[in-house]
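# Notes for the structure review
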Amino acid sequence: MLILMHRQATREDVANVVAHVRERGYQPVELPGTDRLAIGVLGSNPSRIRDAVAALPGVVEAIPVSKPFKQVAREWHPEPTVVTVGGVRFGGGPAFVVAAGPCAVESREQMVQTAEAVAAAGASVLRGGAFKPRTSPYAFRGLGDEGLRILQEARERTGLPVVTEVLTPGDVERVAEVADMLQVGTRNAQNFSLLEAVGDTGKPILLKRGLSNTVEEWLLSAEYVLSRGNANVVLCERGIRTFETATRNTLDLSAVPLVQSLSHLPVVVDPSHATGHRHLVRSMARAGLAAGADGLIIEVHPHPDEALSDGPQSLTLQMFAELMEELRRLARALDREMVGAAH
Ligand code: PEP
Ligand code: MN
């Protein structure tokens with residue numbers, strides 16, 4: 001529920017409403033805004049106290065938030081949220097951010113070579129998994145702590161902030177020590193204790209859409225992070241599971257403008273996991289930009305055929321550089337600005 005206050009409401013009126021809400025067992029949240037004075041009410045079924053609150057001095061009206069997600073909703077926070085990752089801003093304007101790097105950190109040489117190449121091509125965030133969620137327990141599951149050390153070195157060499165995945169609440173602290181942004185992967189998108197744990201770090205979170213999640217479920221996962229006082233969430237559409245097997249997943253591109261209408265959080269597209277095939281990545285990257293996404297996250301490998309994970313969908317360094325050129329031209333035509341563009 002949102003309580004809209006008169007613009008002339010006094011500090012005392014606001015304090016009175018806040019106290020009233022708290023006494024009734026709900027959590028009040030003061031919502032600063034440029035053209036309104038509002039108090040959000042969190043908790044189960046706040047409509048129970050709607051009439052009582054509406055009668056308090058200084059209150060214009062108390063309106064239910066129509067969606068099950070609250071703090072994530074545009075109604076709650078009409079202005080777009082800007083999430084800053086090591087100085088790189090996602091969302092809230094024409095800026096378009098490209099994050100790139102290998103699926104997994106495999107070695108110092110592979111990571112540093114990729115990092116330098118994607119930085120030179122104009123990427124502004126570096127990706128690479130140290131802890132990898134794999135469908136088979138026998139597949140390469142990442143270098144773990146050694147991978148984190150390599151990521152740190154790659155960041156030092158390039159100056160690019162790093163996004164990397166965390167798999168369990170117990171790993172959050174050590175991953176957060178190195179990462180500029182924590183990724184919650186598709187398989188963990190409804191691991192609610194992990195969502196709370198990453199929320200508690202206050203760090204920027206890249207929240208992948210669960211592989212069979214509706215948009216509403218995805219936004220409720222984001223709500224878990226915001227419910228811990230952390231609004232630094234970037235949503236990532238990475239394809240969903242459908243009956244189609246010719247592609248690894250089905251890119252739900254309409255989710256981009258849909259999420260932007262429902263939520264104030266930035267949204268990026270991952271054309272790599274969405275398609276599973278390198279030859280489809282370029283088109284879907286362009287489509288993501290054209291659909292209005294705030295950025296992309298793309299897998300790149302110096303030798304994709306030798307990659308220990310996701311080689312078939314990884315671009316070569318050359319393909320990535322060519323794609324960036326093309327995105328820069330397209331961004332100009334769409335009145336968007338490539339962040340940290342090399343040219
Ligand atoms: C990844 O980014 O390498 C990854 C595992 O992504 P997803 O969780 O979207 O499959
Ligand atoms: Mn991957």
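Structure's up top.
Residues numbered from 1 in each chain as written. Chains lettered and ligands numbered in written order. Predicted model: local features only at pLDDT ≥ 70, side-chain atom pairs only at ≥ 80, totals over all residues. Heavy atoms only, no water.

## Overview of the packing of helix α3 (residues 108–121) against helix α4 (residues 145–158)
A pair of packed helices is characterised by two quantities: the angle between their axes and the separation of those axes. Packing of α3 against α4 brings their axes to within 9 Å, and their N-to-C directions diverge by 30 degrees. Two packed elements cross with a definite hand, and for α3 against α4 that hand is right-handed. Contact residues: α3 offers R108, M111, V112, A115, E116 and A119, while α4 offers I150, L151, E153, A154, R157 and T158. For the contact of α3 with α4, the per-class residue count stands at seven nonpolar, one polar and four charged. (Axes fitted to C-alpha atoms, helices over the stretch in contact; angles between N-to-C directions. Helix = DSSP H or I, 4+ residues; strand = E, 2+ residues; numbered from the N terminus. Left-handed = near helix turned anticlockwise from the far one by under 90°. Contact = heavy atoms within 4.5 Å. Nonpolar A, V, L, I, M, F, W, Y, C, P; charged D, E, K, R; others polar.)

## Considerations on the sheet that holds strand β4 (residues 59–63)
Strand order in the open sheet formed by four strands is β2-β3-β1-β4, and the pairing between neighbours is antiparallel. The two strands at the open ends of the sheet, each matched to only one other strand, are β2 (27–32) and β4. When the angles between neighbouring strand axes are averaged without regard to direction, this sheet yields 20 degrees. Bridge analysis of β2 against strand β3 (residues 37–42) gives six bridges, and the strand direction is antiparallel. Bridged to Q27 within β3 is L42. (Pairing = 2+ DSSP bridges.)

## Here we look at the site of ligand 1
If you check the shell around ligand 1, you find C103, R127, K132, E165, Q183, G185, T186, R187, K208, R238, H273 and E299 and nothing else. Across the complex, the protein chains shield 98% of the 300 Å² of accessible surface that ligand 1 would expose by itself. Here the shell around ligand 1 is composed, by residue class, of one nonpolar, four polar and seven charged. (Near = heavy atom within 4 Å. Areas by Shrake-Rupley, 256 points an atom, 1.4 Å probe, with all protein chains shown as cover.)

## Remarks on the environment of S193
With respect to the helices, strands and loops of the structure, S193 is situated in helix α6 (residues 192–201). Along the backbone, S193 and L167 are 26 residues apart, and their C-alpha atoms lie at a distance of 11 Å. Among the polar contacts listed, one links the side chain of S193 to the side chain of N191, at a separation of 3.2 Å. (Polar contact = N/O pair within 3.5 Å; in protein donor to acceptor, adjacent residues only side chain to side chain.)

## Details of the state of the cysteines
Scanning all chains against the criterion turns up zero disulfides. No disulfide involves C236; its sulfur sits 13 Å from the nearest other cysteine sulfur, which is in C103. Taking relative accessible area as the criterion, C236 reaches 0% and is therefore assigned buried. (Disulfide = S-S within 2.5 Å. Buried < 20%, exposed > 50% of the residue type's maximum accessible area, 1.4 Å probe, protein only.)

## Quick notes on the nonpolar core
In terms of nonpolar packing, the biggest core is built from 73 residues, with V198, V233, L235, I298 and F320 touching the most fellow members. The element that contributes the greatest number of residues to this core is helix α7 (residues 215–226), accounting for six residues. The residue makeup of this core includes at least three contributed by each of domain 1 (2–63) and domain 2 (83–338). What I298 contacts, discounting residues up to four positions off in sequence, is V98, A99, A100, G101, R127, P271, S272, V281, A285, L315, F320 and L323. One finds M5, Y26, I39 and V53 within the second-largest nonpolar core, a separate group that totals 16 residues. (Core = buried A, V, L, I, M, F, W, Y, C linked by side-chain atoms within 4.5 Å. Domains from an automatic or database assignment.)

## Quick word on the pattern of salt bridges
This model, assessed by the stated rule, comprises 19 salt bridges. Between R155 and D180 there is a salt bridge, with the nearest N and O atoms lying 2.7 Å from each other. Residue R155 is located in helix α4, and its partner D180 is located in the loop between α5 (172–178) and β10 (181–184); the two are separated by 25 residues in the primary sequence. By the burial criterion, R155 is buried, and D180 matches it. A salt bridge links D171 to R174; its shortest N-O distance comes to 2.4 Å. Assessed through its relative accessible area of 32%, R174 is described here as partly exposed. Connected via shared salt-bridge partners are R108, E116, E153 and R157. (Salt bridge = Lys/Arg side-chain N within 4 Å of Asp/Glu carboxyl O.)

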